[in-house]
Amino acid sequence: MESDVFGPAGLRAREIASAVRGGRLRAADLCRRTIDAARGLGEALGAFNSVLADSAMACAQEIDRRVVSGEDPGPLAGVPLAIKDNICTRGSRTTCSSRILEDFVPPYDATAVTRLRAAGGVIVAKTNMDEFAMGSSNENSAFRLCRNPWDIERVPGGSSGGSAAAVASGIVPAALGSETGGSVRQPASLCGIVGVKPTYGRVSRYGLVAFASSLDQIGVLAADVADAALILSIIAGHDPLDSTSAPEPVEPYVSLLSGDLRSVTFGLPDEYFVSGMDPEVERLVKGAVERIGGAGGRIVPVSLPHTRFAIPTYYLIATAEASSNLARYDGVRYGLREPSRTLEEMYRRTRSAGFGAEVRRRIMLGTYVLSAGYYDAYYLKAQKVRTLLRRDFEEAFRKSDIILTPTSPTPAFRLGEKTEAPLEMYLSDIFTATANLAGLPAISIPCGLASGRLPVGLQLIGDHFQEPALFKAAAAVEALLGPTGMRPPLAAT
Ligand code: GLN
């Protein structure tokens, strides 16, 4: 379904770039307007950790100068973009919404940010998030709540909640987020926009603060599929600075978007339409499936039998890797330091003061599952189940091109509704974490409004490095479902 969300000046990212390149829109004017919205509406929503007014204005003016002097500033010329606050931006704070990195200013840009800048993008703000990307509601930020522009009493999802709120409210046309278990797709679904997580290795992780390295990927949040495809094609591709980035060439995803559903076979996994899921989510996703079938898309049943182990497997692997990645915050090298008499006391005091409750819970869980005597029973076992999950998908992709599921089991929930029940919060990832465990590309697109006012997303999952097929199918479904006819009550334009 095509969202009715638009970026600043009522434009999508590609339209902004074409207007700026054609001299019809001044990047500096748009930048000023975006900064005002970020400081006004963005503040009310809690979408940002910092607004980079000076550097953004300087960058926008430089783009205008280049247009005037006949140069082409690139495919994102003058497009205002927001970046999740766990992706390094040179000279601007990158906090991960954590006290431990509250004053951390990276001396370099993440590769994805370098590529956005080289394409003419203007980085206007860093977005709020769950601390170290651990969470599904943005409520684990150490600094501020983030609200859903569709209903300010509800969460935007997480952990890329600020990026989703910033795009859904039209402050920026697109933003970067990151995924470990669903943190781009789930907030995109809850905020009525598009969110894509690429194949593991498709985008460089250089400069993405590590959570669980075998799962982490940078993803894109945008108002529609074409903008998401455009931005992913810019940040994707091999990077010598990340040895896990893939050498596969990047195709120009946007030019491949043609809307034919009849050549696509959609696999529907029984295990993702479980009893007990929110009836509105079920109704809207099944309604979309019917329309796809009616338009000539082939729908076949597939089975992903190990799905029920996905959440336990994810929380063993993610916590294990997090406990080792977060060992680097020791008060010695960077970030917070609590002065103490002995080294051990400094570690203890720094880490107790610097990490919030959820991060501490994950470090303890992860340390436990990696400890001598338990490693085989937990971590090793989880890795084996991960292989079984991957094989389920291999089998399913023999019968289908694209797997179709709901993105999140519920629409946006109320602030505070799940904060006392971590296991319930963890279940928000039940339909998304499998793609991270299997390393597959997946996208969430809007498919309607629950009770007429809360967005619901549907998820399409593709085979490894099949982003072109994934975007093609997503654009076709988006066109078929048409506009929702509704915009969030809190919108900039
Ligand atoms: N909600 C999941 C978690 O808390 C996923 C987070 C993510 O994808 N970064 O771990």
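Structure's up top.
Residues numbered from 1 in each chain as written. Predicted model: local features only at pLDDT ≥ 70, side-chain atom pairs only at ≥ 80, totals over all residues. Heavy atoms only, no water.

**Q** Teacher, can you tell me more about the packing of helix H10 (residues 310–325) against helix H13 (residues 376–399) here?
**A** In helix packing, the relevant descriptors are the interaxial angle and the interaxial distance, both defined with respect to the helix axes. Packing of H10 against H13 leaves a shortest axis separation of 9 Å and a crossing angle of 130°. The pairing of H10 with H13 is recorded here as oblique in orientation. Crossing angle aside, the handedness with which H10 passes H13 is left-handed. Contacts between H10 and H13 pair Ala310, Thr313, Leu316, Ile317, Ala320 and Glu321 from the former with Tyr378, Tyr379, Ala382, Gln383, Val385, Arg386 and Leu389 from the latter. By residue class, the composition of the contact of H10 with H13 is nine nonpolar, two polar and two charged. (Axes fitted to C-alpha atoms, helices over the stretch in contact; angles between N-to-C directions. Helix = DSSP H or I, 4+ residues; strand = E, 2+ residues; numbered from the N terminus. Parallel < 35°, antiparallel > 145°, perpendicular 65-115°, else oblique. Left-handed = near helix turned anticlockwise from the far one by under 90°. Contact = heavy atoms within 4.5 Å. Nonpolar A, V, L, I, M, F, W, Y, C, P; charged D, E, K, R; others polar.)

**Q** Is there a simple way to explain the site of the ligand in this structure?
**A** In the vicinity of the ligand there are 15 residues, among which Thr180, Gly181, Ser183, Tyr314 and Arg362 approach most closely. The side chain of Ser183 places a nitrogen or oxygen atom 2.7 Å from an oxygen atom of the ligand. Out of a free accessible area of 290 Å², the ligand has 100% covered by protein chains. For the shell around the ligand, a count of residues per class yields five nonpolar, seven polar and three charged. (Near = heavy atom within 4 Å. Polar contact = N/O pair within 3.5 Å; in protein donor to acceptor, adjacent residues only side chain to side chain. Areas by Shrake-Rupley, 256 points an atom, 1.4 Å probe, with all protein chains shown as cover.)

**Q** Looking at this model, I keep getting lost on the environment of Met346. Mind explaining?
**A** Within the secondary structure, Met346 sits in helix H11 (residues 343–354). Residue class for Met346 comes out buried when judged on its relative accessible area of 11%. The spatial distance from the C-alpha of Met346 to the C-alpha of Gly157 is 34 Å, given a sequence separation of 189 residues. Not counting residues within four places of it along the chain, the set of residues in contact with Met346 comprises Asp330, Gly331, Val332, Arg337, Glu338 and Ser340. (Buried < 20%, exposed > 50% of the residue type's maximum accessible area, 1.4 Å probe, protein only.)

**Q** Would you mind showing me how to read helix H12 (residues 357–370) here?
**A** A rise of 1.5 Å per residue sets the reference length of H12, with its 14 residues, at 20 Å; its end C-alpha atoms lie 20 Å apart and thus fit the reference within 8%. Inspection of H12 places Glu358, Val359, Arg362, Ile363, Gly366 and Val369 among the buried residues, and these make up the whole buried set. In an axial view of H12, the angular spread of the buried residues amounts to 135°, which keeps them on one side of the axis. Facing away from the buried side of H12 by over 90 degrees, the exposed positions are Ala357 and Met364. On its buried face, H12 is in contact with H10, H11, H13 and helix H14 (422–426). (Expected span 1.5 Å × (residues − 1). Arc of directions from axis to C-beta.)

**Q** How should the state of the cysteines be read in this particular structure?
**A** By definition, a disulfide links the sulfur atoms of two cysteine residues through a covalent bond. A complete count under the given rule lists zero disulfides for this structure. For the unlinked cysteine Cys96, the closest cysteine sulfur is that of Cys88, found at 7.6 Å. Overall, Cys96 belongs to the buried group, its relative accessible area being 0%. Summary of cysteine pairing: Cys447 is not part of a disulfide, and the nearest cysteine sulfur, belonging to Cys191, is at 15 Å. (Disulfide = S-S within 2.5 Å.)

**Q** Help me understand the side chain of Ser204, please; the structure alone is not making it clear to me.
**A** Residue position: Ser204 is located in the loop between strand E5 (194–197) and strand E6 (217–222). A polar atom in the side chain of Ser204 sits 3.0 Å from the backbone nitrogen of Tyr206. Of note is the side chain of Ser204, whose polar atom sits 2.6 Å from the side chain of Asp239. Dropping the residues within four chain positions of it, Ser204 is found in contact with Thr111, Ile218, Gly237, Asp239, Asp242 and Ser245.

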